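For reference, the chains in residue letters:
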Amino acid sequence: MEKGTLVEFRVHGDRRLAVADRPDGKKNWVVVDENGQPHSIPPKQITYEVVGETYKPSDIPKFLKEVEAYSDPSSLEVAWELLVGDGETADPESLAMLLFSESSPAQCYAAYCLLSTDKLYFKQKGDRYEPRSAAQVAEIKHQQEVEQQRHQESQGFWDRVKQRLAGKNVDWEHSDRTRLDALERFAILGEEATHRTPALETLASLQRSENPEAAFGLLVDLGLWSTHENLFLRRSQIPLQFSAKVLEVAQRCLENPPTDSDTNRLDLTHLKVYTIDDESTTEIDDGLSLEFLENGQQRIWIHIADPTRLLSPGDELDLEARKRTTTVYLPTGMIPMFPPALATGPMSLIQGKECSALSFSVTLDETGAAQDYSIHISTIKPTYRLTYDDVDEMLELGIEAEPEIAAIASAAKLRQKWREAQGAISIFMPESVIKVNGDDIKIYVIDDSTARMLVAEMMILAGELAARYGQAHSLPIPYRYQPQPELPPDEELLAVPAGPARACAVRRCMPRSEMGLTPGRHAGLGLELYTQVTSPIRRYTDLLTHFQIKAHLRGEPLPFSAEEIQDIVMCLGTAVKEASTVERQTNRYWGLEYLRRNPDEVWEALMLRWLREDSNLGLILLEELGLELAMRFGRSVEIGDRLEVKVTHCDPRSDVINFQEMIFEAAQ
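Residues numbered from 1 in each chain as written. Predicted model: local features only at pLDDT ≥ 70, side-chain atom pairs only at ≥ 80, totals over all residues. Heavy atoms only, no water.

**So, the packing of helix α13 (residues 388-397) against helix α14 (residues 403-421)**
Cut-off, in case you're wondering: Fitted lines through C-alpha atoms give the axes, limited to the stretch in contact for helices. The angle between two N-to-C directions lies from 0 to 180 degrees. Each helix is a run of DSSP H or I of at least 4 residues and each strand a run of E of at least 2, with the numbering of both proceeding from the N terminus. Throughout, the term roughly parallel applies to angles under 35 degrees, roughly antiparallel to angles over 145, roughly perpendicular to angles from 65 to 115, and oblique to all others. Any pair of residues with heavy atoms lying within 4.5 Å of one another is described as a contacting pair. Ten residues, namely Ala, Val, Leu, Ile, Met, Phe, Trp, Tyr, Cys and Pro, are considered nonpolar, four, namely Asp, Glu, Lys and Arg, are considered charged, and the remaining ones, Gly among them, are considered polar.
The contact between α13 and α14 brings their axes to 10 Å, and the two run at 95°. One way to sum up the angle between α13 and α14 is to call them roughly perpendicular. When α13 is examined against α14, the residues Val 391, Met 394 and Leu 395 are found in contact with a partner set consisting of Ile 405, Ala 406 and Ala 409. Looking at the contact of α13 with α14 residue by residue, the class counts come to six nonpolar, no polar and no charged.

**Notes on the UniProt feature "domain: RNB" (unreviewed entry) in the protein**
Where we set the bar: UniProt positions are given in the numbering used here, feature names are shortened, and annotations may be inferred rather than shown by experiment.
Within this structure's numbering, the places UniProt gives as "domain: RNB" (unreviewed entry) are residues 265-555. The span residues 265-555 carries 33% helix and 25% strand; its end-to-end C-alpha distance comes to 14 Å.

**Concerning the sheet that holds strand β25 (residues 656-661)**
Across a sheet, strands are paired by hydrogen bonds formed along the backbone, either parallel or antiparallel in direction. To keep it simple, the criterion reads: Should DSSP find at least two bridges between two strands, the strands are taken to pair.
What the five strands build is an open sheet, ordered β23-β22-β21-β24-β25; its pairing is antiparallel. Looking along the sheet, the strands with just one partner apiece sit at the ends: β23 (627-632) and β25. Strand-to-strand, the axes of this sheet are offset by a mean angle of 50°, without reference to chain direction. Bridge count for strand β22 (residues 617-622) against β23 is six bridges, and the pairing is antiparallel. When the bridges of β23 are listed, Leu 621 appears paired with Glu 628. Docked against the sheet, helix α17 (residues 500-509) engages β21 (602-612), β22 and β23, running at close to 35° with respect to β21. Contacts between helix α19 (residues 562-596) and the sheet are confined to β21, β22, β23, β24 (642-651) and β25, with β23 contributing the most and set at about 65° to the helix.

**Here we look at the packing of aromatic side chains**
Spelled out, the test is: In summary, the pairing rule links any two rings of Phe, Tyr or Trp, Trp by its six-membered ring, whose centres are within 6.5 Å, and it sorts them by plane angle into stacked for under 30 degrees, edge-to-face for over 60 and tilted for everything else. Here the term buried applies to any residue with accessible area under 20% of the maximum for its type, exposed to any over 50%, and partly exposed to those in between, with areas from a 1.4 Å probe on protein chains only. We call a charge positioned above a ring when the Lys NZ or Arg CZ atom is no farther than 6 Å from the ring centre and deviates by at most 35 degrees from the ring normal.
Scanning all chains against the criterion turns up 15 aromatic pairs. Residues Trp 80 and Tyr 121 carry aromatic rings whose centres are separated by 5.3 Å and whose planes lie at 45° to one another, so their mutual orientation is tilted. Of the two residues, Trp 80 is situated in helix α2 (residues 75-84) and Tyr 121 in the loop between α4 (105-117) and β6 (122-125); the sequence distance between them amounts to 41 residues. Under the relative-accessibility criterion, Tyr 121 is labelled buried at 8%. Judged by centre distance (5.4 Å) and plane angle (85°), the rings of Tyr 589 and Trp 590 are edge-to-face. Each member of the pair, Tyr 589 as well as Trp 590, is classed as buried. When the ring centre of Tyr 388 is taken as origin, the NZ or CZ atom of Arg 452, which lies over that ring, is 4.1 Å away.

**Some remarks on the pairing of strand β4 (residues 38-41)**
Of the two faces of β4, only one is covered, namely that formed by His 39 and Ile 41; the face formed by Pro 38 and Ser 40 stays uncovered. The sheet contact formed by strand β3 (residues 28-33) and β4 spans four bridges and is antiparallel. The partner of Val 30 across the bridge, within β4, is Ser 40. The antiparallel pairing of β3 with β4 creates a hairpin that spans four residues between the two strands, and Gly 36 there sits at a positive phi of about 80°.

**Some points on the domain arrangement of the protein**
Heads up, the rule is: The domain limits used here are those given by an automatic or database domain assignment.
The domain architecture assigned to the protein consists of domain 1 (5-136), domain 2 (137-225), domain 3 (244-586) and domain 4 (599-661). Computed over C-alpha atoms only, the centres of domain 1 and domain 4 are separated by 81 Å.

**Topic: the sheet that holds β3**
Across the sheet, which stays open at both edges, the five strands sit in the order β4-β3-β2-β1-β5 with antiparallel pairing between neighbours. The open sheet has two free edges, formed respectively by β4 and β5 (46-50), since each of these has just one partner strand. Averaged over neighbouring strand pairs, the angle between their axes works out to 40° when direction is ignored. Seen against the sheet, α4 touches β1 (6-11), β2 (14-24) and β5 and runs at an angle of roughly 125° to β2.

If you want it as structure tokens, here you go:
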């Protein structure tokens, strides 16, 4: 290399021009840049030599300005089109001639710059550059477009995040879902979440902690989640929305109901029908009637809503209900098994409207046992829509215009005594119903009222009758049974104070009820056989029983074989358990949140049982709320003791609550 040669070299990847000044040792050269700054560089660091002229460092700006006039990247496409067909390679000098019809030092260097920075049309092979094929160029262009779009989407996402965190409303784009979904998965599943990288990158970019709690907080700050987002529900497989297809089928069903396959429905519209539910109930699936017969006897009618009137086994609505398995009841609202327009509309028993039903007719003997019964595919017309409070008031006042209510209540009491004589085990624990409306939490305790007992007994009676019918005709239906519990000896139970503490002791001994195709004794109910049949809008197993019984009543082949019923019931088990778990966890969360919001309240508590007696950890019942919670005692207590407690710490999200016993000194 000669003194005065203009060379290009790289510093940390940046392109620099300098003029060779003198050798430095055996191999290096000292080059001087336009600012007069010397650099000692080895030959391998030199990436280009400008040949044909000598230069001084002060010439470099003028040279660069001349080069700039030829540095149009679009000209490379022209050169590529000329060379690709012949497969010719190019070097800076030949490319300069091709593009500019001259090859001055500035033009050659401009051609070199274009070739060395190009990632699309040419690839370097030694000192020359080979044009890529048309297919390769098309693929690279596609990749570049994808990358550019990805960059634009990324920039748009960050712009929207910043705007939202600044309190402005934004419309999230479809392209944002990858990052937002990753954040949601990380907040829900933590380290078990798949594809966490976008979530971690988002948190790191916003200088937030890279943990699930921070992801949750960010989703709240972005307005995508509420502070009380239900993670139990999000972790489950419970579908929150109905698909557009299912909603379309439901709408068609509303506008053009299918032809009723039961052409000989028994007309029971002359009967007075009472539906009895909580005021908030919207899916009304049972009603009661009573007939006074000429021989002095009474015939009870238990009418169950007939949603199978609007669907067929294996159709879109049936399969959707099977997938959902059950209606899920949460403090914030319910997640129905059927689309709400159907479930609360033509499937329900609506006051004043003719409704399809499956009606159970029964007379009781003097002990309360079911004597004569029959089951009918019917049409009814509900007369009164009553609440439990309405019925309790009617019974208390002895309304003469409605003697049927008092007669049904008497029959229910008789049934209850009969079941107790058959070994039924009654357990009453205060039960809370939590309702959340916006930011308002209300907790109601369900009392053991006559009206609730009345409805419960009639529903149990219908379940017994359906099971008897299934057994008599060898129908494969899902029977429920419960093994006989091993209760403590009477003297041990009597040693526990009567009330919730004793009920809790009995409850601990009760085995889980089971489901199968073979009828068996249900120990808790005191029945030799039983199935659930009274909630076909809300429980899929009840719907199965309806399908089977109705087909048999019509004299048609059963829609489901024993093997099919068995397979369905086995599949439903997991979903039912999951729904029950989500309901329990969500209720507990809102119960704790209610207590967290009332830190100064003093609560009456009842010691139910020991959880770990060696560490003074017991289970208490806050009777006015119907909530059962763990508490560590600071003194010796006995089961059944009553005490006053106050919440000292409560974190619903972490499922942690601590109590302190309030001990008041007696007045002197």
